[in-house]
Amino acid sequence: VRGLHLVVTDIEAAIAELAERGVKVDEPFHMGPEGKTSGLDPQRQDYSNFAPLTDPDGNMWLLQEVASR
């Protein structure tokens, strides 16, 4: 399965916790006016920061940061 989203309030903390548990998370990126850009959005806008990972079954996930709702 592709395109699964795991919504988190702090993407950096989520990446760190997954790394502590041995999960490899790929480089975070953000979506801006120019499209996909490497690294986190400097303004940390909700719905713009992502970090991809693949689980042991081959499913592709995206962490997505949403700090407020």
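Higher on the page you've got the structure.
By convention here, each chain's residues receive numbers from 1 onward along its written sequence. Residue-level local features of this predicted model are given only where pLDDT is at least 70; pairs of side-chain atoms are given and counted only at 80 or more, and the full residue set underlies all totals for whole chains, interfaces and linings. Side-chain metrics in this entry use all non-hydrogen atoms of the structure; hydrogen atoms and water are not considered.

## Quick notes on the pattern of salt bridges
Line of reasoning, step 1. Within this document, salt bridges are pairs made up of a side-chain nitrogen of Lys or Arg and a carboxyl oxygen of Asp or Glu, the two lying within 4 Å of each other. Scanning the entire structure with this criterion turns up five salt bridges.
Line of reasoning, step 2. With a shortest N-O distance of 3.2 Å, E17 and R21 are connected by a salt bridge.
Line of reasoning, step 3. Overall, E17 belongs to the partly exposed group, its relative accessible area being 42%.
Line of reasoning, step 4. The buried label applies to any residue whose accessible area, calculated with a 1.4 Å probe on protein chains only, is under 20% of its type's maximum; exposed applies above 50%, and partly exposed to all values in between. Exposure remark for R21: the relative accessible area of 62% places this residue in the exposed category.
Line of reasoning, step 5. Put simply, D26 and K24 hold a salt bridge, and the shortest N to O gap is 2.6 Å.
Line of reasoning, step 6. Relative accessible area serves as the criterion here: at 33%, D26 is assigned to the partly exposed category.
Line of reasoning, step 7. Judged by relative accessible area, K24 falls into the exposed class, the value being 60%.

## A few points about the sheet that holds strand β2 (residues 29-32)
Line of reasoning, step 1. With mixed pairing, the five strands of this open sheet are ordered in space as β1-β5-β4-β2-β3. Each edge of the open sheet carries a strand with a single partner, namely β1 (4-8) and β3 (35-38). With strand direction ignored, the average angle separating the axes of adjacent strands in the sheet is 35 degrees.
Line of reasoning, step 2. Here a strand pair is declared whenever DSSP counts at least two bridges between the two strands. Each helix corresponds to a stretch of at least 4 residues labelled H or I by DSSP, and each strand to a stretch of at least 2 residues labelled E; elements are numbered beginning at the N terminus. With two bridges joining them, β2 and strand β4 (residues 49-54) adopt antiparallel strand pairing. What sits directly across from F29, in β4, is F50. Axes here refer to lines fitted to C-alpha atoms; in helices the fit is confined to the stretch in contact. Angles between the N-to-C directions go from 0 to 180 degrees.

## Observations regarding the packing of aromatic side chains
Line of reasoning, step 1. A pair of aromatic rings is counted whenever rings of Phe, Tyr or Trp (Trp by its six-membered ring) have centres within 6.5 Å, and the orientation is called stacked for planes under 30 degrees apart, edge-to-face for over 60 and tilted otherwise. A complete count under the given rule lists one aromatic pair for this structure.
Line of reasoning, step 2. Between F29 and F50 the ring centres are 5.5 Å apart and the planes differ by 20 degrees, which places this aromatic pair in the stacked class. Of the two residues, F29 sits in strand β2 while F50 sits in strand β4, which places them 21 residues apart along the sequence.
Line of reasoning, step 3. On the basis of relative accessible area, F50 is assigned to the buried category, the value being 8%.
Line of reasoning, step 4. Only when the NZ of Lys or the CZ of Arg is both within 6 Å of the ring centre and within 35 degrees of the ring normal is a charge said to sit over the ring. In this structure, K36 packs its charged tip against the face of F29, placed 4.4 Å from the ring centre.

## Side note on the environment of R21
Line of reasoning, step 1. Note that R21 resides in the loop between α1 (11-20) and β2.
Line of reasoning, step 2. Between the C-alpha atoms of R21 and Q64, which are 43 residues apart in sequence, the distance is 19 Å.

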